[in-house]
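One-letter residues, chain by chain:
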Amino acid sequence: MLGWFTQYFAGSDSRRRITPGPGETYDINRKPPPFGHPLKHYFALDDKYVNLNHGSYGSIPLPVIYAANLLAYEIDSNPDIFNRVAYKPRLVKSREAVAKLIGAEADEVVLVPNATHALNTIMRNFEWREGDLIIGATTTYGAVSNTIRYLTDRSEQPRPSMLTIVYNFPLTHAEIIELFRAKIQEAKQQHADIQFTDVPPLSPGYDTDPAEKKNKIVAVIDSITSNPGVLLPWKEMCRIAREEGVWTVIDAAHSIGQEQSINLSETKPDFWLSNCHKWLFAKRGCAVLYAPKRNQNIMKSSIPTSHEYVSPNGSKYAEVGTNFVKQHEWTGTTDETPYITVPTAIAFREWLGGEEAIYDYCHKLAMDGARRMAEVMGTKVLDESGELVATMSNVYLPLPTEKTPGEIYSPEVLAKISGLMMNKLLFEYNTYAGHFFHNGAWVSRCSAQVFNDISDFEYVGKVFNVICQEVKDTILRGICEEQQQSGPSILNSPVEDDWVILADIDVES
């Protein structure tokens, strides 16, 4: 059953036939290659590029690229047929496929360009009152944090206020839960004069007369934070928020395709969103926005507002409500191919062995690879227990740590180091892994994917050894000399005897 993507478009002109190249198709009746480097054949990655940064932008399999290219030809062979007739049934199939993966109903799921777009759609549809609160965190993704800030800064009233939970990793799930609960209780105590009676449908007190409902608290919660890349106990946090009468918006940008056992009908967040183009292998950009039917009355408008918008003041509203799904089917002419590639991406994942097999390999590699990378650099991993690890892991880099903010790294110094690392990784060593400064230390976030193996982590570790030494010899020269006089740092001490041998290996090998 080879070449299952090969097809004819409108008409019978054989010149329209596109034959798949190597890796762009596969035989569903044959076993796939083993996980690791043999699977790079099915990705467009440069053979010599070592990619430990899949989590940032995704890495699209060749069969998905091929399917998207076929769709591009099909769309432009007759744009009217595709956009007026063929598009929407395929979009329904994509929504159904995503809904099945996350334990939701198809009509609770719509597709939008990316997670930031989804988050903005949710947050800008809340009707804010003066006195409302939005809870974020120090690890909230920058664009999301800035969206919250915008809502509190905008010139028009009413405006909510922003509260921030401080997460300094490493932390246990128990500690994260306690910090979250404490922030909610602190918010209520600090605003004791405000009546937080606008609560989600599943919270105690929801049956209050709508005319009596006053203010609300909305918590924006990461399922997996971006930097560091750690798994949060977001399901338990949803339960706590529900008990406290707090609305939950789950920023799960990294979850679908990475996190196991996502069952939104069971967990019951108020809103949830995730990128399909990261870990699920769909074409960029494609994200899922989940709004359960109980909350779709809040989602009055898509962004931008669709021609399917229904005014709450019109007669049609009683029949269709906010028209949530139809509003998001068409918000203007754009490239629809990313949304349509979702079933193709899922089919490829099923051929590889399915979600559980993919997760098991990538989780183990994230754990083992991070430990090996730490050995190579003479450092340690952020989370020894694995409680915070899905398929992204975090490893400390061999650079000085600071005990108090700013004693070593000013904003200017941080920017110089980050820029140097980016350029060296990409243009000298043909690799990339995330790198960031957190809680006084430099950390690398490594994404384990089906095309990676342990040697990729070893290579990146050796590269970081060279780069970090250059950072210490140049940008931090005076600072390192001062720190050496005050005593050795844990992050500058090898932890295994073979570290010295590995550090001497040619990094180009």
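Residues numbered from 1 in each chain as written. Predicted model: local features only at pLDDT ≥ 70, side-chain atom pairs only at ≥ 80, totals over all residues. Heavy atoms only, no water.

(A) Inspection of the overall build of the protein chain at higher detail. In terms of regular secondary structure, the protein chain is built from 17 helices and 12 strands. Its C-alpha radius of gyration of 25 Å places the protein chain within 12% of the 23 Å reference for a compact globule of 509 residues. Viewed in the frame of its principal axes, the protein chain has a C-alpha envelope of about 75 × 75 × 35 Å. Sequence separation of at least 24 residues holds for 72% of the intrachain contacts in the protein chain that already meet a minimum separation of 6. If you average the places of the 48 positive and of the 64 negative side-chain charges in the protein chain, the two averages end up 5 Å apart. (Helix = DSSP H or I, 4+ residues; strand = E, 2+ residues; numbered from the N terminus. Rg over C-alpha atoms; globule rule 2.2 N^0.38 Å. Contact = heavy atoms within 4.5 Å. Lys, Arg positive; Asp, Glu negative; His and termini not counted. Charge placed at Lys NZ, Arg CZ, Asp CG, Glu CD.)

(B) Representation of the packing of helix 3 (residues 79-102) against helix 12 (residues 342-352) within the structure. For the pair helix 3 and helix 12, interaxial distance at closest approach is 8 Å and the crossing angle is 45°. When the axis of helix 3 is compared with that of helix 12, the two are oblique. From helix 3, Lys-93, Ser-94, Ala-97, Val-98 and Leu-101 reach across to helix 12, where they touch Val-342, Pro-343 and Ile-346. Classifying every residue of the contact of helix 3 with helix 12 gives 6 nonpolar, 1 polar and 1 charged. (Axes fitted to C-alpha atoms, helices over the stretch in contact; angles between N-to-C directions. Parallel < 35°, antiparallel > 145°, perpendicular 65-115°, else oblique. Nonpolar A, V, L, I, M, F, W, Y, C, P; charged D, E, K, R; others polar.)

(C) Region of the structure containing helix 2 (residues 62-77). Taking 1.5 Å per residue, 16 residues should reach 22 Å; helix 2 reaches 22 Å between its end C-alpha atoms and fits that length. By the burial criterion, the buried members of helix 2 are Leu-62, Pro-63, Val-64, Tyr-66, Ala-67, Ala-68, Leu-70, Leu-71, Glu-74 and Ile-75. Structurally, helix 2 contributes buried residues whose contacts are with helix 3, helix 11 (337-340) and helix 12. (Expected span 1.5 Å × (residues − 1). Buried < 20%, exposed > 50% of the residue type's maximum accessible area, 1.4 Å probe, protein only.)

(D) Focus on the pattern of salt bridges. Per the stated rule, a full pass over the model turns up 22 salt bridges. We note a salt bridge from Glu-458 to Arg-372, for which the minimum N-O separation is 2.9 Å. Here Glu-458, found in helix 15 (residues 454-473), pairs with Arg-372, found in helix 13 (residues 355-377); they are 86 residues apart in sequence, far enough to count as distant. Taking relative accessible area as the criterion, Arg-372 reaches 18% and is therefore assigned buried. Where salt bridges share partners, they join Lys-88, Lys-326 and Glu-329 into one cluster. (Salt bridge = Lys/Arg side-chain N within 4 Å of Asp/Glu carboxyl O.)

(E) Spotlight on the side chain of Gln-327. Looking at where Gln-327 falls in the secondary structure, it is placed in helix 10 (residues 324-329). By relative accessible area, Gln-327 is classed as buried at 1%. Of the polar contacts made by the side chain of Gln-327, one reaches the backbone nitrogen of Ser-302; its length is 3.0 Å. The contacts of Gln-327, once residues within four sequence positions are left out, are Met-299, Lys-300, Ser-301, Ser-302, Ser-306, Glu-308, Tyr-309 and Thr-322. (Polar contact = N/O pair within 3.5 Å; in protein donor to acceptor, adjacent residues only side chain to side chain.)

(F) Layout of the packing of helix 2 against helix 3. Two numbers describe how helix 2 lies on helix 3: the axes approach to 7 Å, and their chain directions differ by 130°. Between helix 2 and helix 3, the angle is such that the two are oblique. Taken together, the residues of helix 3 that come into contact with helix 2 (itself represented by Leu-71, Glu-74, Ile-75, Asp-76 and Ser-77) are Pro-79, Phe-82 and Arg-90. Class assignment for the residues of the contact of helix 2 with helix 3 results in 4 nonpolar, 1 polar and 3 charged.

(G) Representation of the sheet that holds strand 5 (residues 217-222) in the model. Spatially, 2-8-7-6-5-3-4 is the arrangement adopted by the 7 strands of the open sheet, whose pairing is mixed. Two strands lie at the open edges of the sheet, namely strand 2 (109-112) and strand 4 (161-165), each paired on one side alone. Direction aside, neighbouring strands of the sheet carry axes that sit 20° apart on average. Pairing of strand 2 with strand 8 (residues 287-290) involves 4 bridges; the strand directions are antiparallel. Bridging across to strand 8, Val-109 finds its partner in Tyr-290. (Pairing = 2+ DSSP bridges.)

(H) Quick look at the environment of Ser-56. With respect to the element layout, Ser-56 can be found in helix 1 (residues 54-57). It is 29 Å that separates the C-alpha atoms of Ser-56 and Arg-239, two residues lying 183 residues apart in sequence. Once you skip the residues sitting within four places of it in the chain, Ser-56 turns out to touch Lys-278 and Arg-445. A polar contact of 3.2 Å, which involves the side chain of Ser-56, links it to the side chain of Asn-53. A polar contact is formed between the side chain of Ser-56 and the side chain of Arg-445, at a distance of 3.2 Å.

(I) Here's a closer look at the pairing of strand 9 (residues 392-396). Among the 5 residues of strand 9, 5 are classified as buried, and the element is accordingly described as predominantly covered. Here strand 9 shows a buried face lined by Met-392, Asn-394 and Tyr-396 and a second buried face lined by Ser-393 and Val-395. Where strand 9 lies against strand 12 (residues 441-447), 5 bridges are found, and the strand directions are antiparallel. The residue of strand 12 that forms the bridge with Asn-394 is Arg-445.

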